[in-house]
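Structure assessment
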Amino acid sequence: MTRIAVIPGDGIGPEVMAEAMPLLAWVRTQGQEVEWEVFPFGADHFLKTGETLSDEAFVKLRDNFDAILFGAVGDPRVLDGRHAEEILLRLRRDLRLRVNHRPCAPMLDVHVPLKGVSAADIRLEVFRENTEGPYCLKGETDKEGAVDFAIHTREAVSALLRAAFQRAEKLRATLTLAHKANVLKHGHGLWMREFKTMQAEFPAVRATSMHADALLCALVQRPQDFGVIAADNYLGDLISDLLAAFQGGMGLAASANLATDQAFRCTGLFEPVHGSAPDLAGRCLANPAGMILSTALLFRHLGWQREALAVESAVLDALAKGAATQDLGGNLNTLEMGTALRGKLSI
Ligand code: NAD
Ligand code: IPM
Ligand code: MN
């Protein structure tokens, strides 16, 4: 029996999650043995109980579930973002979800904001290191200044690069490492060394490195020239929102946080790229497509390729017929959009 932990979280998280949940019941009707449990972790729960994610809850998620389906966290009432750190960033780090895989394959030409570029021209995938860099959250502040540390270990960097090289090899795509080794001589120096070592291991992959600033310019000017993009946690975060724009906006982008070993039962956390969007929260305006497409990534991770393709095809079908929330220029609300996106599945 496959067991999924569902964490809707904050803001629009529960609103978009409500539109993805019917897919769990649907996948059962397709013959998959799955059960799920919904957890309340998020700002409301924290403000009510003082608990973000207890050690006991963490161990339960780690040892009793195969994967986590996650909405979003972030709430203006929790000013220091402590619960996001202790829930989402902890799950990524302590479940050893080294790879944040963020594919970018725009569905419709009208979604692509770049002049003269069509949807089929763009087949990009970000491989973002997911546990280190400045996300170690170590540093200090005093009256005169502040320091944030960034950690880069060979173990995490090589795990991320290996996954990116393997993916590029499989897709016969180019691989580009985004870095700022001209400034971050220590941390990104290590990335460059590991990258070189791995280039020798994967001679069939056309792999190059680029300064991240120049890469962003080139991505906007000629996205056709790129395939898999590997980056550290911080640069990967920035690049993935740029690629969300290529797909039509934050409402459409999906992501998978993946383990590179089998250390624990729980080997993946699936979530849209977007956050809790406090500006939309409670207004039933959010686009649930990114959440639904992240559920398709979950299905693929579990080996349910046919179901993953069916969900992706249903989303494409609805978008092609003009289903749109306000971010896509339409006037459907979240519930109507969810119904439209699941329409081809008859749920
Ligand atoms: P955001 O992604 O929440 O919102 C950025 C913009 O995109 C906003 O204008 C928002 O309205 C729009 N948007 C986001 N999701 C959308 C959707 N589904 N449909 C339509 N429009 C959508 O980023 P932010 O405003 O920088 O952050 C808000 C909060 O979310 C912060 O607390 C941040 O830390 C948190 N956050 C969480 C995650 C996560 O849980 N993985 C990711 C990003 C940000
Ligand atoms: C993301 C988000 C998170 C990140 C925030 C909420 C800490 O922006 O999932 O991309 O920076 O990783
Ligand atoms: Mn982000």
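Residues numbered from 1 in each chain as written. Chains lettered and ligands numbered in written order. Predicted model: local features only at pLDDT ≥ 70, side-chain atom pairs only at ≥ 80, totals over all residues. Heavy atoms only, no water.

So, on to the site of ligand 1. Ligand 1 sits among 19 residues. The nearest are Glu 271, Gly 275, Ala 277, Asp 279 and Asn 287. At 2.8 Å from an oxygen atom of ligand 1 is found a main-chain nitrogen or oxygen belonging to Gly 275. A distance of 2.9 Å separates a nitrogen atom of ligand 1 from a polar atom in the backbone of Asn 287. Calculation on ligand 1 without its partners gives an accessible area of 800 Å², and the protein chains cover 65% of this total. Of the residues in the shell around ligand 1, the class split is 10 nonpolar, six polar and three charged. (Near = heavy atom within 4 Å. Polar contact = N/O pair within 3.5 Å; in protein donor to acceptor, adjacent residues only side chain to side chain. Areas by Shrake-Rupley, 256 points an atom, 1.4 Å probe, with all protein chains shown as cover. Nonpolar A, V, L, I, M, F, W, Y, C, P; charged D, E, K, R; others polar.)

Taking 1.5 Å of rise per residue, the 13 residues of helix α9 (residues 289-301) would be expected to cover 18 Å, and the 18 Å separating its terminal C-alpha atoms lies within 8% of that figure. Among the 13 residues that make up α9, 11 are buried, leaving the element largely enclosed by the rest of the structure. Directly after α9, the chain includes Gly 303, whose backbone phi takes a positive value near 90°. (Helix = DSSP H or I, 4+ residues; strand = E, 2+ residues; numbered from the N terminus. Expected span 1.5 Å × (residues − 1). Buried < 20%, exposed > 50% of the residue type's maximum accessible area, 1.4 Å probe, protein only.)

Attention shifts here to unusual backbone geometry. With phi around 60°, Leu 137 is a residue other than glycine that occupies positive phi space. Along the chain, Leu 137 turns up in the loop between β5 (124-129) and β6 (139-142). One non-glycine residue, Ser 346, adopts positive backbone phi at about 60°. Among the structural elements, Ser 346 can be located in the segment after α11 (334-341). On the accessibility criterion, Ser 346 (65% relative accessible area) is exposed.

Let's shift gears to the pairing of strand β2 (residues 34-38). Examined bridge by bridge, strand β1 (residues 2-9) and β2 share five bridges and lie parallel to one another. From the neighbouring strand, Arg 3 faces β2, where its bridge partner is Glu 35. As a crossover connection, the stretch from β1 through helix α1 (residues 12-29) into β2 is right-handed. (Pairing = 2+ DSSP bridges. Right-handed = clockwise from strand over helix to strand, strands pointing away.)

In terms of burial, strand β3 (residues 67-72) is largely enclosed, as six of its six residues are buried. Pairing analysis gives five bridges linking β1 to β3, with the strands arranged parallel. Across the sheet, the residue bridging to Ala 5 is Ile 68, located in β3. Strand direction decides the pairing type here: β3 and strand β12 (residues 268-272), joined by two bridges, are parallel. The residue bridging Ile 68 from the neighbouring strand is Leu 269, located in β12.

One can find Asp 232 in the loop between β10 (228-231) and α8 (233-247). Buried charge Asp 232 goes without a salt bridge, the closest partner of opposite sign being Arg 128 at 7.3 Å. At a separation of 3.2 Å, a polar atom in the side chain of Asp 232 contacts the main-chain amide nitrogen of Tyr 234. (Lys, Arg positive; Asp, Glu negative; His and termini not counted. Salt bridge = Lys/Arg side-chain N within 4 Å of Asp/Glu carboxyl O.)

Before going further, it helps to examine the packing of helix α3 (residues 55-64) against helix α4 (residues 82-94). Packed helix pairs are characterised by how far apart their axes lie and by the angle those axes make with each other. Orientation of α3 relative to α4, taken along the N-to-C sense of each, is 50°, at an axis distance of 12 Å. Between α3 and α4, the crossing angle belongs to the class labelled oblique. In this structure, the crossing between α3 and α4 has a hand that is right-handed. Between α3 and α4, the residues in contact are Asp 55, Phe 58 and Leu 61 and Arg 90, Leu 91 and Asp 94, respectively. The residue inventory of the contact of α3 with α4, partitioned by class, reads three nonpolar, no polar and three charged. (Axes fitted to C-alpha atoms, helices over the stretch in contact; angles between N-to-C directions. Parallel < 35°, antiparallel > 145°, perpendicular 65-115°, else oblique. Left-handed = near helix turned anticlockwise from the far one by under 90°. Contact = heavy atoms within 4.5 Å.)

So, about the site of ligand 2. Taken together, the neighbourhood of ligand 2 is formed by Arg 92, Arg 102, Arg 128, Tyr 135 and Asp 237. At 2.5 Å, a side-chain N or O of Tyr 135 approaches an oxygen atom of ligand 2. In the environment of ligand 2, an oxygen atom lies 2.9 Å from a nitrogen or oxygen atom belonging to the side chain of Asp 237. Of the residues assigned to the shell around ligand 2, the class counts are one nonpolar, no polar and four charged.

Moving on, we come to the domain arrangement of the protein chain. For the protein chain, the assigned domains are domain 1 (1-98 + 259-347) and domain 2 (102-252). In this structure, domain 1 and domain 2 have C-alpha centres spaced 23 Å apart. Between domain 1 and domain 2, the contact holds 23 residues from the first and 22 residues from the second. The contact between domain 1 and domain 2 buries some 1900 Å² in all, and 63% of this surface belongs to carbon and sulfur atoms. Looking at the side of domain 1 facing domain 2, the largest losses of area belong to Arg 92, Arg 98 and Val 273, adding up to 37% of the total buried there. Our enumeration of links across domain 1 and domain 2 arrives at two salt bridges. In this structure, Glu 155 and Arg 96 form a salt bridge, with 3.1 Å as the shortest nitrogen-oxygen distance. Scanning the region where domain 1 abuts domain 2 turns up six residue pairs in polar contact (both at pLDDT 80 or more). Taken together, the elements giving at least two residues each to the side of domain 1 that touches domain 2 come down to α4, α9 and α10 (305-320). With five residues, the single largest contributor to the side of domain 1 that touches domain 2 is α10. Partitioning the side of domain 1 that touches domain 2 into residue classes produces 11 nonpolar, four polar and eight charged. (Domains from an automatic or database assignment. Buried area = accessible area lost by both parts, 1.4 Å probe.)

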